[in-house]
Amino acid sequence: MLELRKAIEFPEGKAGRYVSEKTMARAMQNRTRVAAVLASMQVVNQCTGEVIPLEEVAAASLSNPANRRKAMMARIRGVEEFTKAREEVALFLTITCPSRMHARHFTGAANPAYDGTSPRDAQAHLNRVWRLATRKLSNAGVGISGVRVVEPHHDACPHWHVLVFVRPEDASKVTAAIQAYALADSPDEPGADEHRFKVEHIDPKRGSAVGYVAKYVSKSIDGEGVDVDDETGDTGADAAQRVVAWARAWGIRQFQFFGVPPITPTRELYRLKEFDAPSQALKAAHDATRSNNYGQWLHVVDAFEIAFKPVYVERDSARYPDEVTKGLRGLLGVAVDLEAGVEITTRVDEWRIEPRKSEAQSGDLSPPWTRFNNCAPIDFKGNFQTKGQTTLQGMELGDVGGGNRSAPHRAPLPSAGRTDWRSERGEHMQFAVARKNTALTGQAGGVNA
């Protein structure tokens, strides 16, 4: 029921804005917490002692939305160049869920046919459609490659944009198979043929295939280059924040490549500035990686039949003591000019995330680690003294509460007048009590008289 409220908790109107305001507020709070953690942590090289602020590491990694968008577009461009050399054609597909999975109509009015399907369940439906269609194509000997992008409708129901590269003679088979499975659920509902599945044949003379998905990729990351979101009316940056919050709230993977090698070997080889390759194939793969040419990388992998497998090693966990985890150490490469696999070490140094050490300036106090003050005051009352021990006043106390607890040794405070102040305070208290008792006695005598 909670997931259902997340999906339909929108005001009336066309712009549902993908997520509710409560979900968006939580997402912004999480971003603030992450920023605070990044500012308070650092990474330390366990071999050389080099220290780098964690926020600088994050800004230079793929966790930076700008870097992620650029890497995504470069990879799509490489796939297009590789498939163009193989004389393949490009198709741009749009796959949408049945009407019963939409909480609201396009106008913003509640959908009476809505059956309570959450965005996560709708994403599972689209995954099932795609899996069944590609399995049928694979059994028929039809190979495809490309990338799919998941976007939300205004009511948070997902839909897919898929860029597919295929041989020209297999284009009709791909279209027919995916359309058949997309319309298998509720095929007779109004508008199913028009809205549930769309296909557009991309003409390379009119534009690049990357241009068809560039808008959707940017809108799903940081909104760069998108002036106004047509569906919500927000700016591209605001719409991107809501799309990312929607994907994280429902656990939906926004992008996925298919029909191409995994990206991990490419990133690992890029870490090596110099590589003494034992074969021409691995040398060519390393050169393509260092030149940031993903299309050339695909050509090399295909020509030399290169395959990589990640190599993991066991190491101590940084979170829990006496726990062992697996860390990526390198790659195991296989190629046509190698008799056996070659292990390539790509990670030599070991880094550890640690709290940033703040040095107090002259005359300043360092900030506390916790909200509590663990420095207990001097125990003047002797609550934690045991029999035989004395307080600062030299008074011997008995065992309190039957326990055998003792306070840790603490040096007396340097203030010489502290004991005198307490004795004077005691005299004033005794005098005040005596006056109160005298007054009460006088009142009682007056009444009795």
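The structure displayed is predicted, hence computed values, not measured ones.

Description of the environment of A122
Logical step 1: The residue A122 is located in helix α5 (residues 119-139) in this model.
Logical step 2: With a relative accessible area of 0%, A122 lands in the buried category.
Logical step 3: The sequence separation of A122 and P158 amounts to 36 residues, and the corresponding C-alpha distance is 6.7 Å.
Logical step 4: Those residues in contact with A122 that lie beyond four places of it in its chain are C97, M101, T117, C157 and P158.

Describing the packing of aromatic side chains
Logical step 1: Under the counting rule described, the total for this entry stands at five aromatic pairs.
Logical step 2: Here the aromatic rings of F92 and Y216 are separated by 5.9 Å at their centres, their planes lie at 20 degrees, and the arrangement is stacked. With a gap of 124 residues between them, F92 in strand β3 (residues 89-96) and Y216 in helix α8 (residues 210-219) connect regions that are remote in the sequence. For the pair formed by F92 and Y216, the shared burial category is buried.
Logical step 3: Ring pairs connect the aromatic residues F92, Y212 and Y216, which therefore count as one cluster.
Logical step 4: Directly above the aromatic system of Y270 lies the positively charged group of R290, at a separation of 4.5 Å from the ring centroid.

Quick look at the side chain of R148
Logical step 1: Within the fold, R148 resides in strand β4 (residues 145-152).
Logical step 2: Buried and unpaired, R148 has no salt bridge, with E151 as the nearest side chain of opposite charge at 12 Å.
Logical step 3: Separated by 2.8 Å, the side chain of R148 and the backbone oxygen of R253 make a polar contact.
Logical step 4: Discounting chain neighbours no more than four positions away, the residues touching R148 are Q123, N127, W160, H161, V162, R253, Q254, F255, Q256 and F258.

Remarks on the side chain of H154
Logical step 1: Inspection of the secondary structure assignment puts H154 in the loop between β4 and β5 (158-166).
Logical step 2: Within the structure, the side chain of H154 is placed 2.6 Å from the backbone oxygen of H105, a separation counted as a polar contact.

Description of the state of the cysteines
Logical step 1: Applying the stated criterion across every chain, the model contains zero disulfides.
Logical step 2: With no disulfide of its own, C157 lies 4.0 Å from the sulfur of C97, the closest cysteine sulfur.

Some details on the sheet that holds strand β2 (residues 51-53)
Logical step 1: Taken in spatial order, the three strands make up an open sheet running β2-β1-β11, and their pairing is antiparallel. Edge positions in the sheet fall to β2 and β11 (351-355), since each of these pairs with one other strand and no more. Within the sheet, the average angular offset between the axes of one strand and its neighbour, ignoring direction, is 30 degrees.
Logical step 2: For strand β1 (residues 41-45) and β11, the ladder comprises five bridges, and the chain directions are antiparallel. When the sheet's bridge partners are listed, Q42 is paired in β11 with E354.

Let's talk about the nonpolar core
Logical step 1: The biggest cluster of nonpolar side chains holds 41 residues, and the ones touching the most others in it are I76, L163, V217, L269, W297, I306 and F308.
Logical step 2: Elements represented by at least two residues in this core include exactly α4 (65-85), β3, β4, β5, α8, β7 (255-258), α11 (280-290) and α12 (294-303).
Logical step 3: Apart from residues lying up to four places away in sequence, I306 is in contact with A281, L282, A285, V300, V301, V334 and A335.
Logical step 4: Core analysis: the next-biggest nonpolar cluster, separate from the first, contains 35 residues, I95, V129, C157 and W246 among them.

With respect to the sheet that holds strand β10 (residues 342-345)
Logical step 1: Spatial ordering of the open sheet is given by β8-β9-β10, a layout of three strands whose pairing is antiparallel. The two strands at the open ends of the sheet, each matched to only one other strand, are β8 (307-316) and β10. Neighbouring strand axes in the sheet, compared pairwise and without regard to direction, differ in orientation by 40 degrees on average.
Logical step 2: Note: β8 against strand β9 (residues 324-334), 10 bridges, orientation antiparallel. Counterpart to D316 in the pairing with β9 is V324.

Examining the pattern of salt bridges
Logical step 1: Under the defined criterion, the tally for this structure stands at 15 salt bridges.
Logical step 2: With its nearest N and O atoms 3.4 Å apart, the salt bridge here joins E151 to K219. Taken together, the residues E151 in strand β4 and K219 in helix α8 connect sequence positions 68 residues apart. We note that E151, like K219, is buried.
Logical step 3: One salt bridge connects D170 with R167, and the closest N-O pair in it is separated by 2.7 Å.
Logical step 4: Among the residues examined, R167 registers a relative accessible area of 33% and is labelled partly exposed.
Logical step 5: Look at the salt bridges and you will find they share partners, linking R167, E169, D170 and K173 into a network.

Some remarks on the packing of α4 against α8
Logical step 1: Running from amino to carboxyl end, α4 crosses α8 at an angle of 160 degrees, the nearest separation of the two axes being 11 Å. Judged on the interaxial angle alone, α8 and α4 are roughly antiparallel. Seen along the crossing, α4 lies across α8 with a hand that is right-handed. Where α4 abuts α8, its residues R69, M72, M73, I76, R77 and E80 lie against V210, V213, A214, V217 and S218.
Logical step 2: Among the residues making up the contact of α4 with α8, the classes are represented as seven nonpolar, one polar and three charged.

Basis of the calculations
- Residues numbered from 1 in each chain as written.
- Predicted model: local features only at pLDDT ≥ 70, side-chain atom pairs only at ≥ 80, totals over all residues.
- Heavy atoms only, no water.
- Helix = DSSP H or I, 4+ residues; strand = E, 2+ residues; numbered from the N terminus.
- Buried < 20%, exposed > 50% of the residue type's maximum accessible area, 1.4 Å probe, protein only.
- Contact = heavy atoms within 4.5 Å.
- Phe/Tyr/Trp six-rings, centres within 6.5 Å; stacked < 30°, edge-to-face > 60°.
- Lys NZ or Arg CZ within 6 Å of the ring centre and 35° of its normal.
- Lys, Arg positive; Asp, Glu negative; His and termini not counted.
- Salt bridge = Lys/Arg side-chain N within 4 Å of Asp/Glu carboxyl O.
- Polar contact = N/O pair within 3.5 Å; in protein donor to acceptor, adjacent residues only side chain to side chain.
- Disulfide = S-S within 2.5 Å.
- Pairing = 2+ DSSP bridges.
- Axes fitted to C-alpha atoms, helices over the stretch in contact; angles between N-to-C directions.
- Core = buried A, V, L, I, M, F, W, Y, C linked by side-chain atoms within 4.5 Å.
- Parallel < 35°, antiparallel > 145°, perpendicular 65-115°, else oblique.
- Left-handed = near helix turned anticlockwise from the far one by under 90°.
- Nonpolar A, V, L, I, M, F, W, Y, C, P; charged D, E, K, R; others polar.

Just geometry here; none of it tells us what the structure is for.
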